[in-house]
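Summary of structural features
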Amino acid sequence: MAMVFLNKHLFSSENAALNVPLLITWIQCLISAVLSWLCLLASSACCPQTSIHWLGISAEVRASCSVHNLRKVLPLSLCFVAMVTFNNLCIKYVTVSFYTFIRPLATLFNIFFVYFILGEVTSLRAILCCAGIIVGFLLGVDQEDRQGTLSWIGLFYGIASCMFAALNGVYTARVLPHVDKSAMKLTLCNNLNACLLFFPLISLRGEMRTVLSVPFSENVAFWTSVAVSGVLGWSVAVVTGLQVLVTSPLTHNISGTAKSCFQTVVAVIWLTEMKRFLWWISSFIVLFGSLLYSIVRFHEMKEKSVHRKEASKTNFEETGVWFECVSRLC
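Notes on the structure follow. Quick caveat: nothing in here was measured; it's all calculated off a predicted structure. (Residues numbered from 1 in each chain as written. Predicted model: local features only at pLDDT ≥ 70, side-chain atom pairs only at ≥ 80, totals over all residues. Heavy atoms only, no water.)

A look at the overall build of the chain
Looking only at helices and strands, the chain has 13 helices and 0 strands in total. Along the chain, helices and strands appear, N-terminal first, in the series α-α-α-α-α-α-α-α-α-α-α-α-α. Put simply, of all contacts in the chain between residues at least 6 apart along the chain, 82% involve residues at least 24 apart. Of the roughly 17700 Å² of accessible surface on the chain, 69% is carried by carbon and sulfur atoms. (Helix = DSSP H or I, 4+ residues; strand = E, 2+ residues; numbered from the N terminus. Contact = heavy atoms within 4.5 Å. Areas by Shrake-Rupley, 256 points an atom, 1.4 Å probe, with all protein chains shown as cover.)

Pasting the structure below:
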């Protein structure tokens, strides 16, 4: 949540000392890569022959950022760069409270991409929960427009960010096995790739010339905020990976929904925004639909797990009976 408010301060045209959103994002990725590398070095120094599994850190530091690993993570990095770029541009143009409306759209895109990329079919109950997200989102857009605070370009950036966020989630699941299911190694490789991918975009926008034209001493507070945002971004990436690894993606979605509720209330109070009653209703519908979707998916995955165990037990018993028959014949 602190990351969202700090990014809003850095990217909004009213507060930003320099209009260099891509360069700021590049610095955030660079800080994340450096911190991940330092953690891997510390792990290697403390446990040269072993790995600290509860942190997801492998001691094989050199192999962590090999060309092979970077190439395997590249599809994820492309989605990540697009997601972060559109996300930061969205924060620049929309309010923090309205930002909460846009993020749950990633669930809708996730259903779409999971079906066409992974071939998994979402149940009708889960899709009906997403209908609530759509209704709440449309009502929220209408209320934001009536209040005169809606930015259509910000809305477009937000929807694009959600689309790539869904792709990012799908490719994360596909890429993790290539990095030994290590959250730290994935963060390192992903951010190294992102640093390289951002260079052409920064050059095209001429942001480096903008920074060099202003003395560093005039914007010390600004660059300090950028550094803090980089540390926060790294923390979010690692904690997210660990939460998914230790619990499940659904648990992450539920905690994210709770954070969104709190974030909306804090944003309205902190920024002294005046919202209509229907705006709050639409916010509740979106968040409730997201929570309901997570609960439905949790029960569905639990049922699948039980069926797998029963099928495995049945196969084991049948195999045991077969071996017993063979042994008697012999």
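Having seen the model, we can carry on.
Re the pattern of salt bridges
Inspection of every chain in the model, using the stated rule, returns 1 salt bridge. Here Arg146 and Asp142 are joined by a salt bridge, their closest N and O atoms 2.9 Å apart. Here the residue Arg146 and the residue Asp142 both occupy positions in helix H7 (residues 124–146), the gap between them amounting to 4 residues, near one helical turn. What makes Arg146 exposed here is its relative accessible area of 53%. Asp142 sits in the partly exposed class, given a relative accessible area of 30%. (Salt bridge = Lys/Arg side-chain N within 4 Å of Asp/Glu carboxyl O. Buried < 20%, exposed > 50% of the residue type's maximum accessible area, 1.4 Å probe, protein only.)

Quick word on the state of the cysteines
Scanning all chains against the criterion turns up 0 disulfides. Left unpaired, Cys130 is separated from the closest cysteine sulfur, that of Cys129, by 6.8 Å. The exposure class assigned to Cys130 is buried, which follows from its relative accessible area of 3%. We note that Cys162 lacks a disulfide partner, and the nearest cysteine sulfur, in Cys90, lies 7.5 Å from it. (Disulfide = S-S within 2.5 Å.)

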